[in-house]
Amino acid sequence: MRTTLTLDDDLADALKQQAKLLDVPFKQVVNDTLRRGLAPEAPEDRPVFRVRPLRGGFRPGIDPLKLNQLNDQLEVEDFLEEHRKLLEEHRE
């Protein structure tokens, strides 16, 4: 069947490049590409994806119920360090 189709420039260039690379006619590359895109993907063609969970946990001495306190402490330490540097710059 003959039809007129308007392609975006980047797609047309990629299809032409593929046709040249495979040494096949442009229309064959277009037809093959459309067939692959429209064909339902068979489940057996996809690689099996398995999740292997790892045992999570915190290091000894870290209480997960006090993580907010730890975060606050780290923020205070960063704040003090930043202001210590500013004070040293002003003294110079």
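Cut-offs used in this document
Residues numbered from 1 in each chain as written. Predicted model: local features only at pLDDT ≥ 70, side-chain atom pairs only at ≥ 80, totals over all residues. Heavy atoms only, no water. Helix = DSSP H or I, 4+ residues; strand = E, 2+ residues; numbered from the N terminus. Buried < 20%, exposed > 50% of the residue type's maximum accessible area, 1.4 Å probe, protein only. Areas by Shrake-Rupley, 256 points an atom, 1.4 Å probe, with all protein chains shown as cover. Lys, Arg positive; Asp, Glu negative; His and termini not counted. Charge placed at Lys NZ, Arg CZ, Asp CG, Glu CD. Patch = residues over 30% accessible without salt bridge, like charges linked within 9 Å, V, L, I, M, F, W, Y side chains within 5 Å. Salt bridge = Lys/Arg side-chain N within 4 Å of Asp/Glu carboxyl O. pLDDT = per-residue confidence, 0-100.

*Asks:* Please provide a residue-by-residue account of the overall build of the protein, values included.
*Replies:* Helix and strand counts for the protein stand at three helices and zero strands. Walking the protein from its N terminus toward its C terminus, one meets helices and strands in the order α-α-α. Counting only residues that meet the buried cut, the protein has 7% of its 92 residues in that class. As displayed, the protein offers around 9700 Å² of accessible surface, 54% of which is attributable to carbon and sulfur atoms. Within the protein, one finds 15 positive and 19 negative side-chain charges whose respective centroids are separated by 10 Å.

*Asks:* So what's going on with a negative patch on the surface? Residues and values would help.
*Replies:* Among the surface-exposed residues, D72, E75, E77, D78 and E82 lie close enough to one another that they form a single negatively charged patch. Take E77: it is sitting in helix α3 (residues 67-91). Here E77 falls in the partly exposed class, since its relative accessible area comes to 41%.

*Asks:* Could you give an account of the confidence of the model for the protein, with specific residues and numbers?
*Replies:* Here the protein averages 88 in pLDDT, while 95% of its residues score no lower than 70. Within the protein, no element has a lower average pLDDT than α3, which sits at 89, and none a higher one than helix α1 (residues 9-22), at 95.

*Asks:* I'd like a rundown of the pattern of salt bridges, residues and numbers included.
*Replies:* Under the definition given, this model contains three salt bridges. Between D32 and R35 there is a salt bridge; the shortest N-O distance is 3.7 Å. Of this pair, D32 and R35 both sit in helix α2 (residues 26-38), three residues apart, which is roughly one turn of that helix. Put simply, R84 and E88 hold a salt bridge, and the shortest N to O gap is 2.4 Å. Here R84 pairs with E88, and both are found in helix α3, just four residues apart, close to one helical turn. Sharing partners across several salt bridges, the network here consists of E81, R84 and E88.

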